[in-house]
4 protein chains.
Amino acid sequence: MGSDNQRTRLPAQTYGTGRVEAFSDGVIAVAITLLVLDLRVPEPIAGVSLAHSLGELWPNYLAYVISFLAIGIMWINHHSMMKRLMAVDHSALVLNLLLLLCIVALPFTTALFSTYLNDRSGAHLAAVIYAGSFLVTSVVFVALQWLLVVRRPYLLSEPLTPVQRRSILLRGAVAVPAYLLAALAGLLTPYLTLAVCIGLGIFYFVPLGPRFASAAGR
Amino acid sequence: MGSDNQRTRLPAQTYGTGRVEAFSDGVIAVAITLLVLDLRVPEPIAGVSLAHSLGELWPNYLAYVISFLAIGIMWINHHSMMKRLMAVDHSALVLNLLLLLCIVALPFTTALFSTYLNDRSGAHLAAVIYAGSFLVTSVVFVALQWLLVVRRPYLLSEPLTPVQRRSILLRGAVAVPAYLLAALAGLLTPYLTLAVCIGLGIFYFVPLGPRFASAAGR
Amino acid sequence: MGSDNQRTRLPAQTYGTGRVEAFSDGVIAVAITLLVLDLRVPEPIAGVSLAHSLGELWPNYLAYVISFLAIGIMWINHHSMMKRLMAVDHSALVLNLLLLLCIVALPFTTALFSTYLNDRSGAHLAAVIYAGSFLVTSVVFVALQWLLVVRRPYLLSEPLTPVQRRSILLRGAVAVPAYLLAALAGLLTPYLTLAVCIGLGIFYFVPLGPRFASAAGR
Amino acid sequence: MGSDNQRTRLPAQTYGTGRVEAFSDGVIAVAITLLVLDLRVPEPIAGVSLAHSLGELWPNYLAYVISFLAIGIMWINHHSMMKRLMAVDHSALVLNLLLLLCIVALPFTTALFSTYLNDRSGAHLAAVIYAGSFLVTSVVFVALQWLLVVRRPYLLSEPLTPVQRRSILLRGAVAVPAYLLAALAGLLTPYLTLAVCIGLGIFYFVPLGPRFASAAGR
């Protein structure tokens, strides 16, 4: 990879970003694709129409879309983060591995949520676990971003102004209270968890003009 | 990646194409490979020959081949599209993510179709969903192509002539009415859906001489 | 990717090899890893020891190793083949896609073989299908190699001498009669199919000194 | 890939490291992600709370974390190893393939362990197999490292001092007695195997200051 640190003047204990990006991309790509395994094909049952069987699986379809977009947004943000780096060190590799550990578990919490959404007794807990898994993932993400931007500025390929630094950290941190809210909402009703997660997806996806673009791009 | 926009004069809110390609390749590669999960090994049953059991699964084998080639063609076209770009912006990333969301769902609609093809009551709906999923994927693909070619010409590494632009859009758009036809055919009989999808595969695969090559290559 | 044909004088309808390699690598990597799904965890059954349950699954373990090494060898050969190229054209992309279609099906034929190896009635057919799937894959591989080396010499980054060309084609073609033998052996007894496949793996793996190395490396 | 050996003076039978890295990354990324398949969603059962059902699956969650981190560490070490190389030869490719064969089997041995941890009769054997699979993987890893560092010094991009060589080999070799201990511990009680594996993970993860960093980075 062109960005490997063979020709740089960094201390020997750093790594180029090329293979970290490639490995992270691979893991996130597999995790996001495994979400399809929760789109189950209903067993053909005599006397029950396919339309009815598919209709009963609507939580699976909705959860697939929400989780796919949420993981996709994480990938876009991960991409932006790595783009700023010249190299990573051991702490960054370890935190990145923890982040991937969280992301890989998301297809599981998604399947748990969609299986129990219409189950009277388990729905609350499943919703809390679902939003909670995204919450933990966001916290690890912010920790990694904080490590790179605040504690390891020498790993950046270009220095950041204080304004840029704050904007980067804020944008990542916004997900933390949102997912906390979604998790708490699950204690009331799991459908509120769904609604908060959908709202968060829309917030990240709808372009907000130059202000948004400049926060995301740098 | 060589094509990352480190040395270009693009506005800061764009991204290099290298990691977008790598992530898209990863997702499409996993999705196309997960099709194998629909090639189920029949349970050994006393008194039933393996040849008979495998014979009953022919819709699975046929659907595997059709979907593999269809997703493969999408990858080739995605490849051609990214090759023309110098960078992507947030809208392109978002549309690309929606495209991947559709592609990842295709192993599910394929499994649905092959499970219900010989089921009297569900076959029509399964065929419509199968062709419909490819239809939606094609529409998102054309939308992404239109965004890049018509609305964001400054992201292209080389300007296109109007003839080239029309040729690119037409070639992608051809799949839309074809899959619409395949979906409507499913209302009559699911086997007609199969036939249309096979025909579409052959259309894309058989080289049509220089006229075809120049449309595909540029 | 460094080898993309942005700076070459090839006709416009060719593609750089970078993304074809990346996509093929991705598909082969997923296919080879999905072999693990055939290593099934036996259900805990009261009164049956785990050692006994695992012992009954030995065909799964053996088939896993054989298929892993066989797909691994294909990847090494694919790697050698792409290394010689400067670019690919539409025919090469299509043949490569067919090759991937065959490779992705191998975890299925492997699972079929390991499930039926100790089944009296289905074992012969399963063995023929297993060896047959590798046979078809080898034939497509040789066809792709022949296309690139004989029919599209202008895609090579360096011209080959007739001796090199023959050596490359021979080395790939050797797998065809071997897998044909393995498939025919399955008509007698599936264990002979296993033996031939193991022998073929050893043939490719044991280094044969400089003669072998120069055939493989160029 | 920038590190491909097109412009080097190596013998013709070597390969660039770019695609070996990409393929290994792909395989390890898929294997690590497949661990999520062992995080099973419990069937909703009337009268049994979801909290209770999830609680019973704690071995699955613990095994997921341990195996994820262990495979992640292997990836980091693989990364460090490949970084030192200018090229690989056939023996290195073959050993690397054997290493991947072991790594891909780890999700299976992980699932086996978590399924049988609380099973009276099978737990000892499952623990031995679990630690044994990591033991074999470590042995192959050390063998590959020894091949590259001791037997093929001409493949390194920069010569190593004897001190560096010893430090690299020692650091990899430390896992061998540790996993041997974990496997033997399984004969006493599977929970001791768990404890040793957790301890090993912590040893690798907690940064030990400059001494550690220099051993890991070079």
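Residues numbered from 1 in each chain as written. Chains lettered and ligands numbered in written order. Predicted model: local features only at pLDDT ≥ 70, side-chain atom pairs only at ≥ 80, totals over all residues. Heavy atoms only, no water.

## What about the overall build of chain A?
Broken down by element type, chain A carries 9 helices and 0 strands. Start at the N end of chain A and walk to the C end: the helices and strands fall as α-α-α-α-α-α-α-α-α. Residue burial in chain A is summarised as follows: out of 218 residues, 60% are buried. Relative to all contacts within chain A whose residues are 6 or more apart in sequence, the contacts with residues 24 or more apart total 77%. (Helix = DSSP H or I, 4+ residues; strand = E, 2+ residues; numbered from the N terminus. Buried < 20%, exposed > 50% of the residue type's maximum accessible area, 1.4 Å probe, protein only. Contact = heavy atoms within 4.5 Å.)

## Some details on the state of the cysteines
Here the structure, examined in full by the defined rule, presents 0 disulfides over all chains. Free of any disulfide, Cys102(C) has its nearest cysteine sulfur in Cys197(C), 16 Å distant. (Disulfide = S-S within 2.5 Å.)

## Looking at the relation of the copies chain D and chain A
Structural alignment of chain D on chain A gives an RMSD of 0.0 Å, achieved by rotating through 90 degrees and translating 0.0 Å along the axis. Interpreted geometrically, this transformation is the action of a four-fold axis. In this assembly, only 10% of the residues forming the interface of chain D have copies in chain A that are likewise at the interface, indicating a heterologous arrangement. (Least-squares fit on C-alpha atoms with pLDDT ≥ 70 in both.)

## A few points about the side chain of Asp25(B)
When you line up the elements, Asp25(B) lands in helix 1 (residues 18–34). Residue class for Asp25(B) comes out buried when judged on its relative accessible area of 4%. In this view, Asp25(B) contacts Trp75(B), Arg19(C), Ala22(C) and Phe23(C); residues no more than four positions away in its chain are not counted.

## Things to note about the confidence of the model for chain A
Residues and elements named next belong to chain A. For chain A, the average pLDDT comes to 84, and 88% of its residues sit at 70 or higher. In the predicted structure, residues 208–218 sits below a pLDDT of 50 and forms 18 contacts with residues beyond four places in sequence or in another chain. Interface confidence in the predicted complex, given as ipTM, is 0.83; pTM for the same model is 0.86. (pLDDT = per-residue confidence, 0-100.)

## Section: the interface of chain D and chain A
Each side of the interface is counted separately: chain D has 41 residues, and chain A has 36 residues. Taken over both partners, the interface formed by chain D and chain A buries close to 3400 Å², and the fraction arising from carbon and sulfur atoms is 76%. Taken together, chain D and chain A are joined by 0 salt bridges. At the boundary of chain D and chain A, one finds 4 residue pairs in polar contact (both at pLDDT 80 or more). Mapped onto the side of chain D that touches chain A, the elements with two or more residues apiece are helix 1 (18–34), helix 2 (50–56), helix 3 (58–83), helix 8 (190–205) and helix 9 (210–217) of chain D. (Buried area = accessible area lost by both parts, 1.4 Å probe. Salt bridge = Lys/Arg side-chain N within 4 Å of Asp/Glu carboxyl O. Polar contact = N/O pair within 3.5 Å; in protein donor to acceptor, adjacent residues only side chain to side chain.)

## Structural notes on the UniProt feature "transmembrane region" (unreviewed entry) in chain A
Residue and element names in this part refer to chain A. According to UniProt, the feature "transmembrane region" (unreviewed entry) maps to residues 20–37, 57–76, 97–117, 123–148, 168–185 and 191–209 in the numbering used here. End C-alpha atoms of residues 57–76 are separated by 29 Å, and the span's content is 95% helix alongside 0% strand. Between the C-alpha atoms that bound residues 97–117 the distance is 30 Å, and the span itself is 95% helix and 0% strand. (UniProt positions renumbered as here; feature names shortened; annotations may be inferred.)

## Regarding the relation of the copies chain A and chain B
Overlaying chain A with chain B gives an RMSD of 0.0 Å, the required rotation being 90 degrees about an axis along which the chain moves by 0.0 Å. Interface overlap between copies is the fraction of interface residues in one copy that are interface residues in the other; for chain A against chain B it is only 10%, indicating separate surfaces.

## Remarks on the interface of chain A and chain B
Facing the 40 residues of chain A at the interface are 35 residues of chain B. In this assembly, chain A packs against chain B so that about 3300 Å² is buried in total across both faces, 78% of it on carbon and sulfur atoms. Counting the contacts that link chain A with chain B gives 4 residue pairs in polar contact (both at pLDDT 80 or more). Those elements that provide at least two residues to the side of chain A that touches chain B are helix 1 (18–34), helix 2 (50–56), helix 3 (58–83), helix 8 (190–205) and helix 9 (210–217) of chain A. Broken down by element, the side of chain A that touches chain B gets its largest block of residues, 14 residues, from helix 3 of chain A. Broken down by class, the residue content of the side of chain A that touches chain B amounts to 29 nonpolar, 6 polar and 5 charged. (Nonpolar A, V, L, I, M, F, W, Y, C, P; charged D, E, K, R; others polar.)

## Focus: the pattern of salt bridges
Residues and elements named next belong to chain B. Under the definition given, this model contains 4 salt bridges over all chains. A salt bridge links Arg-152 to Asp-89, with the nearest nitrogen and oxygen atoms 2.5 Å apart. Here the residue Arg-152 occupies a position in the loop between helix 5 (123–151) and helix 6 (162–173), and Asp-89 occupies one in the loop between helix 3 (58–83) and helix 4 (90–116), the gap between them amounting to 63 residues. Given a relative accessible area of 9%, Asp-89 falls into the buried group.

## Brief notes about a nonpolar patch on the surface
The grouping of Leu37(A), Leu37(B), Leu37(C) and Leu37(D) at the surface amounts to a nonpolar patch, some 290 Å² of accessible area in total. Counting through the fold element by element, Leu37(B) comes out in the loop between helix 1 and helix 2 (50–56). (Patch = residues over 30% accessible without salt bridge, like charges linked within 9 Å, V, L, I, M, F, W, Y side chains within 5 Å. Areas by Shrake-Rupley, 256 points an atom, 1.4 Å probe, with all protein chains shown as cover.)

## Things to note about the packing of aromatic side chains
With the rule as written, the count across this model stands at 24 aromatic pairs over all chains. On the numbers, 4.1 Å between centres and 15 degrees between planes, the contact of Trp75(A) with Phe23(B) is stacked. With Trp75(A) in helix 3 and Phe23(B) in helix 1, the pair connects residues from two separate chains. Across the pair, Phe23(B) and Trp75(A) agree in class, each one buried. Aromatic side chains Tyr64(B) and Phe68(B) sit 5.8 Å apart centroid to centroid with 55 degrees between the ring planes, which places their arrangement in the tilted category. Note that Tyr64(B) and Phe68(B) are positioned in helix 3 at a spacing of 4 residues, about one turn of the helix. Across the pair, Phe68(B) and Tyr64(B) agree in class, each one buried. Taken together, the ring pairs in this structure connect Phe113(A), Tyr130(A), Phe134(A) and Tyr179(A) into an aromatic cluster. (Phe/Tyr/Trp six-rings, centres within 6.5 Å; stacked < 30°, edge-to-face > 60°.)

## Quick word on the packing of helix 5 (residues 123–151) of chain C against helix 6 (residues 162–173) of chain C
Residue and element names in this part refer to chain C. Packing of helix 5 against helix 6 leaves a shortest axis separation of 10 Å and a crossing angle of 170 degrees. Taken together, helix 5 and helix 6 sit at an angle that is classed as roughly antiparallel. Residues Val-142, Gln-145, Trp-146, Val-149 and Val-150 of helix 5 touch helix 6, and the partners they reach there are Arg-165, Ile-168, Leu-169, Gly-172 and Ala-173. A class-by-class count of the residues in the contact of helix 5 with helix 6 yields 7 nonpolar, 2 polar and 1 charged. (Axes fitted to C-alpha atoms, helices over the stretch in contact; angles between N-to-C directions. Parallel < 35°, antiparallel > 145°, perpendicular 65-115°, else oblique.)

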